[in-house]
Amino acid sequence: MSLMGRNLITLDGWDKQEIELALEVSFDLKRRFIKGEIIESLKHKTLFMIFFEQSTRTRNSLEAAMTQLGGHAHDLTSDKMQITHGESPKDTAKVLSRMGEGIAIRNCFYQIGNRYLNEIARHSDIPVISMQDDVYHPLQAIADLLTIMEHFGDNIRGLKVAILWAYATTHAKPLSVPQSQILLFPRFGMDVVVGHPDEFPLQEDIVHKAKRNAEEARTELIFTNDMDEAIRDADIVIPKNWGGFAYFEEYTDDEEHNREMKENLERHKDWICNGKRFSLAKRDARVMHALPADRGNEVTDNVLDSENSIIYDEAENRLHTARGILELLMGQ
Ligand code: CP
């Protein structure tokens, strides 16, 4: 099986065996990284990373991965390129395809990002990798899956994962992390409960697809608007804000809509994963967060810094899965 030349915009476009291969290669590369082995599977290869938004983990994991595997990553932003002057996705894709071996893009603009990535992919002759868009964040989801397997072993069937909307004020967080998780986790045997206030739903088409995935895998995917109910007896707890786009005024200039969304958000200040709430989960439950976390709003320090927290393993695994994915898509 080869993934060479494939795009990664959503893991839902990959079959289970392909994802298992990516996990296997990532685990192997992690073991070799720990041993200090020099690997040059991407020697002289170039990845173009185009960021429309800020990033700590995605930027540094991919750039470090390229360097460690003997290649190079260009750390670009839309305003470093002619994108800001309106250069078309087609021209950008065609030109970069003549110069390197991979294009990675982060564009989370609501109802724009995923379309932009697909348009680039349509015209690109080299793999296009999502570094997060408004709908999906595949690199986060696969790192999460690998982290869960490390902590719970290969047999993760029947684990209960609570994916919880949480209050935040730092910045508008896309839907892409919880959406990628609900699409992926049930395929690998986990039962997922999503807790969110009615005003902050996930995309209907994604929920529909995720329910189909769960049915096919004979797992559960359920939704509730009760945070405590969602967290009760969970093995894994993932508290994270999503979807407050209009609250952050860059997303819309409709003042009425902004006001309404701000009120919705403020009404749910109590959606926080604190110690009392976390204690409803199983005693040895793990807390995960893709980071950056809005500490004190989404989740309290005593939960995030507790022995149950695996947030830094999760962040570290962004490197190992980036190495695995890049080697598979851009290697040879
Ligand atoms: N989790 C994640 O994608 O982090 P960054 O936004 O820092 O890349």
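These numbers come from a predicted model, not from an experiment. (Residues numbered from 1 in each chain as written. Predicted model: local features only at pLDDT ≥ 70, side-chain atom pairs only at ≥ 80, totals over all residues. Heavy atoms only, no water.)

Within the secondary structure layout, Gln-179 lies in helix H6 (residues 176-184). Residue Gln-179 is classed as buried on the basis of its relative accessible area, which comes to 0%. At a separation of 2.8 Å, a polar atom in the side chain of Gln-179 contacts the main-chain amide nitrogen of Gln-203. The residues touching Gln-179, leaving out its near neighbours within four places in the chain, are Val-135, Leu-202, Gln-203 and Ile-206. (Helix = DSSP H or I, 4+ residues; strand = E, 2+ residues; numbered from the N terminus. Buried < 20%, exposed > 50% of the residue type's maximum accessible area, 1.4 Å probe, protein only. Polar contact = N/O pair within 3.5 Å; in protein donor to acceptor, adjacent residues only side chain to side chain. Contact = heavy atoms within 4.5 Å.)

A few words on the domain arrangement of the protein. Taken domain by domain, the protein comprises domain 1 (11-137 + 317-330) and domain 2 (140-314). Between the C-alpha centres of domain 1 and domain 2 the distance comes to 24 Å. Residue-level contacts link 25 residues of domain 1 with 30 residues of domain 2. Counting each side, the surface lost to burial between domain 1 and domain 2 is near 2,500 Å², with a carbon and sulfur contribution of 63%. Glu-150 is paired through a salt bridge with Lys-30; the nearest N and O atoms lie 2.8 Å apart. The interface formed by domain 1 and domain 2 contains 17 residue pairs in polar contact (both at pLDDT 80 or more). Taken together, the elements giving at least two residues each to the side of domain 1 that touches domain 2 come down to helix H1 (16-35), strand S4 (128-133) and helix H12 (311-330). (Domains from an automatic or database assignment. Buried area = accessible area lost by both parts, 1.4 Å probe. Salt bridge = Lys/Arg side-chain N within 4 Å of Asp/Glu carboxyl O.)

By size, the foremost hydrophobic cluster in this structure holds 88 residues, and its most contacted members are Trp-14, Ile-19, Leu-47, Leu-145, Ile-182 and Leu-326. Counting 16 residues, the second largest nonpolar core, distinct from the first, contains Ala-93, Leu-117, Ala-121 and Val-128. (Core = buried A, V, L, I, M, F, W, Y, C linked by side-chain atoms within 4.5 Å.)

A few words on H1. The end-to-end C-alpha separation of H1 is 29 Å, in line with the 28 Å expected for 20 residues at 1.5 Å each. Looking only at H1, the buried set comprises Glu-18, Ile-19, Leu-21, Ala-22, Leu-23, Val-25, Ser-26, Phe-27, Leu-29 and Lys-30. On its buried face, H1 sits against helix H5 (138-152), H6 and H12. (Expected span 1.5 Å × (residues − 1).)

With respect to spatial proximity, the complete set of residues near the ligand consists of Ser-55, Thr-56, Arg-57, Thr-58, Arg-106, His-137, Gln-140, Ala-290, Leu-291 and Arg-318. In the environment of the ligand, a nitrogen atom lies 2.9 Å from a nitrogen or oxygen atom belonging to the backbone of Leu-291. Its free accessible area being 250 Å², the ligand has 92% of it covered by the protein chains. When the residues that make up the shell around the ligand are grouped by side-chain class, the tally is two nonpolar, five polar and three charged. (Near = heavy atom within 4 Å. Areas by Shrake-Rupley, 256 points an atom, 1.4 Å probe, with all protein chains shown as cover. Nonpolar A, V, L, I, M, F, W, Y, C, P; charged D, E, K, R; others polar.)

Spatial strand order, S2-S1-S3-S4: four strands in an open sheet with parallel pairing. A strand with exactly one partner marks an edge of an open sheet, and here the two such strands are strand S2 (72-77) and S4. Taken over all neighbouring pairs, the strand axes of this sheet differ in orientation by 15° on average, direction set aside. The strands that helix H4 (residues 113-123) touches are strand S3 (102-107) and S4; relative to S3, the one it contacts most, it runs at about 165°. (Pairing = 2+ DSSP bridges. Axes fitted to C-alpha atoms, helices over the stretch in contact; angles between N-to-C directions.)

This part is about the environment of Glu-260. Structurally, Glu-260 is set in helix H9 (residues 255-267). With a relative accessible area of 41%, Glu-260 lands in the partly exposed category. Along the chain, Glu-260 and Glu-204 lie 56 residues apart, while their C-alpha atoms are 21 Å from each other.

For the rest of this paragraph, the subject is the sheet that holds strand S8 (residues 236-240). Spatially, the five strands line up as an open sheet ordered S7-S6-S5-S8-S9, and their pairing is parallel. Each of the sheet's edge strands pairs with one partner strand only, and the pair in question is strand S7 (221-224) and strand S9 (286-287). Here S8 pairs with S9 via two bridges, running parallel. Residue Ile-236 lies in a different strand from S9, and its bridge partner there is Arg-286.

The next point concerns the packing of H1 against H12. Where H1 contacts H12, the axes come no closer than 8 Å and their chain directions differ by 115°. By crossing handedness, the relation of H1 to H12 is classed as right-handed. Note on element contacts: H12 touches H1 through Glu-316, Asn-317, Leu-319, His-320, Thr-321, Arg-323, Gly-324, Ile-325, Glu-327 and Leu-328, opposite Leu-21, Ala-22, Val-25, Ser-26, Leu-29, Lys-30 and Phe-33. Residues belonging to the contact of H1 with H12 are distributed by class as follows: eight nonpolar, five polar and four charged. (Left-handed = near helix turned anticlockwise from the far one by under 90°.)

We now examine the packing of aromatic side chains. Inspection of the entire model under this criterion finds three aromatic pairs. When the ring of Phe-52 is compared with that of Tyr-116, the centres are 5.3 Å apart and the planes differ by 70°; the resulting orientation is edge-to-face. Note that Phe-52 is positioned in the loop between strand S1 (46-51) and helix H2 (57-68) and Tyr-116 in helix H4, a separation of 64 residues in sequence. Take Tyr-116: its relative accessible area is 12%, and that puts it in the buried class. Where Trp-165 meets Phe-200, the ring centres are 4.5 Å apart and the plane angle is 20°; that geometry is what we call stacked. Here Trp-165 is found in strand S5 (residues 160-165), whereas its partner Phe-200 is found in the loop between strand S6 (191-195) and helix H7 (204-217), with 35 residues between them in sequence. For Phe-200, a relative accessible area of 2% translates into the label buried. The residue whose ring lies beneath Arg-59 is Phe-51, and the NZ or CZ to ring-centre distance is 4.2 Å. Its end group placed over the ring of Phe-152, Arg-286 keeps NZ or CZ at 4.9 Å from the ring centre. (Phe/Tyr/Trp six-rings, centres within 6.5 Å; stacked < 30°, edge-to-face > 60°. Lys NZ or Arg CZ within 6 Å of the ring centre and 35° of its normal.)

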